[in-house]
Amino acid sequence: MKKLNVGMIGYKFMGRAHANAWRQVDKFFPVSAQPVLHTICGRDRKAVKAAAAQLGWERIATSWQEVVADPEIDIIDINTGNDTHAEIAIAAARAGKHILCEKPLAMNVREAQAMLAAVKEAGVVHMVCHNYRRIPALAQAKKMIAAGDLGRIFHYRARYLQDWIVDPEFPLVGRLQVKLAGSGTHGDINAHIIDLARYLVGEFSEVCGHLETFIKERPLEGSKGKKRGRVTVDDAVLTLGKFKNGAIASLEASRFALGRKNHIQIEVNGSLGSLVFDFEDMNRLKYFNQADPADRQGYRDIIVTEKVHPYAGAWWPPGHILGYEHTFVHTVFEFIQAVVKGRSVSPTFADGLQNQKVLEAVEASSKKRRWVKLT
Ligand SMILES: NC(=O)c1ccc[n+]([C@@H]2O[C@H](COP(=O)([O-])OP(=O)(O)OC[C@H]3O[C@@H](n4cnc5c(N)ncnc54)[C@H](O)[C@@H]3O)[C@@H](O)[C@H]2O)c1
């Protein structure tokens, strides 16, 4: 079977999730090429060596430039912080590598435009890792909405909540600094429910947002609480949106919802029915069908583990549930197939750019205190 050599940059949270996916995918899915865990890259030689041994990579590198320049590498998988995505992706495209890049695609619209131009010019396959699109229940929701089962869509309602920075003594880590992260909750988790909105319902035409920073200063890392620095990103963001197809959206994203660790809920209401998804119960899709007889109406539970459900048939018998890590396996499966067949795979860098435009429009709206149109 054809082999594809992967060079993975960054090996912590997302690096581990992606490494697991590259390793698992050909064991379960009918891939047209076998991914080879060729080179793992990080800046600290000792740590990257340990990661290579634990995650099963053949070689290590301490400079991403070296990996991008390696003629043996076919795919560059970017799992580094947001401030490095553009530089690595543009260099990788120029070196003719296919690219899987973590979200948000870039720090801003300008960077995302340059990344899209680079991959287009190079003619390489490009994908943003919005892995939640590959949750079987949400892929099933997409199928049902596209088939018209919900009729005309009226509402997209989503929330993505976490609670890891409620403590004011939590340090000023990179994710709380605009120069490293681009934005806070907004680009980190609101970006996911914006992507799901575009995936399930369509393009936004206009948005109105409010970004809030509750804790304005935090201890500098390593200062033992003695020195403090300014928080330069949002802690929470509320978004109202209008879609081009006439539906409306309300989105809430926060890192200040105590008790909520990685809470994602999506509800879509149409003229013929509704769908409800809860990530903490991710094998279930709730479906209300207005056509059901009046005496039996109510939400039914679709447990998305049957062969007929997206991705499920590749795994276990019906009822044997899937989890977070499977979403990355599904993502790399789609990516490999696109590379082998020379086709595009969504979400592409064009989707990443559009997501970034929505993020920027919400920020502009919050600053100007008015609705902002999307281009
Ligand atoms: N898809 C998702 O649901 C999801 C979840 C979490 C994070 N992310 C995204 O993934 C990316 C990484 O986040 P994370 O949580 O894994 O961060 P992390 O801090 O856990 O890991 C970042 C990794 O990048 C490496 N790195 C940073 N700069 C580097 C450089 N110049 N050269 C080589 N390696 C470098 C670090 O050493 C580390 O291994 C971010 O863009 C984040 O937004 C996506």
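Residues numbered from 1 in each chain as written. Predicted model: local features only at pLDDT ≥ 70, side-chain atom pairs only at ≥ 80, totals over all residues. Heavy atoms only, no water.

Asker: Where do I start with the packing of helix H5 (residues 109-122) against helix H10 (residues 349-368) in this structure?
Answerer: To characterise two packed helices, one gives the angle between the axes of the helices and the distance between these axes. Where H5 meets H10, the axes come as close as 9 Å, and the angle between the chain directions of the two elements is 170 degrees. The angle between H5 and H10 places the two elements in the roughly antiparallel class. Contacts between H5 and H10 involve Val109, Ala112, Gln113, Met115, Leu116 and Val119 from the former and Phe349, Ala350, Leu353, Gln356, Lys357 and Glu360 from the latter. Its residues assigned to classes, the contact of H5 with H10 shows eight nonpolar, two polar and two charged. (Axes fitted to C-alpha atoms, helices over the stretch in contact; angles between N-to-C directions. Helix = DSSP H or I, 4+ residues; strand = E, 2+ residues; numbered from the N terminus. Parallel < 35°, antiparallel > 145°, perpendicular 65-115°, else oblique. Contact = heavy atoms within 4.5 Å. Nonpolar A, V, L, I, M, F, W, Y, C, P; charged D, E, K, R; others polar.)

Asker: Got a minute to help me understand H5 in this structure?
Answerer: Its 14 residues give H5 an end-to-end C-alpha distance of 20 Å, which sits within 8% of 20 Å, the value for a rise of 1.5 Å per residue. Where H5 is concerned, the buried positions are Val109, Glu111, Ala112, Met115, Leu116, Ala118 and Val119. Elements in contact with the buried residues of H5: helix H4 (85-94), strand E5 (98-101), strand E6 (126-128) and H10. Put simply, Asn108 is the residue that caps the front of H5, since its side-chain oxygen is 3.3 Å from the backbone nitrogen of Arg110. Gly123 occupies a position one or two residues after H5 and carries a positive phi of about 70 degrees. (Expected span 1.5 Å × (residues − 1). Buried < 20%, exposed > 50% of the residue type's maximum accessible area, 1.4 Å probe, protein only. Polar contact = N/O pair within 3.5 Å; in protein donor to acceptor, adjacent residues only side chain to side chain.)

Asker: Please clarify how the side chain of Asn190 should be interpreted in this entry.
Answerer: In this structure, Asn190 sits in helix H8 (residues 185-200). For Asn190, a relative accessible area of 0% translates into the label buried. Among the polar contacts made by the side chain of Asn190, one reaches the side chain of His186 at a distance of 3.2 Å. Residues contacting Asn190, with those up to four places away along its chain left out, are Thr185, Val237, Thr239, Leu251 and Ala253.

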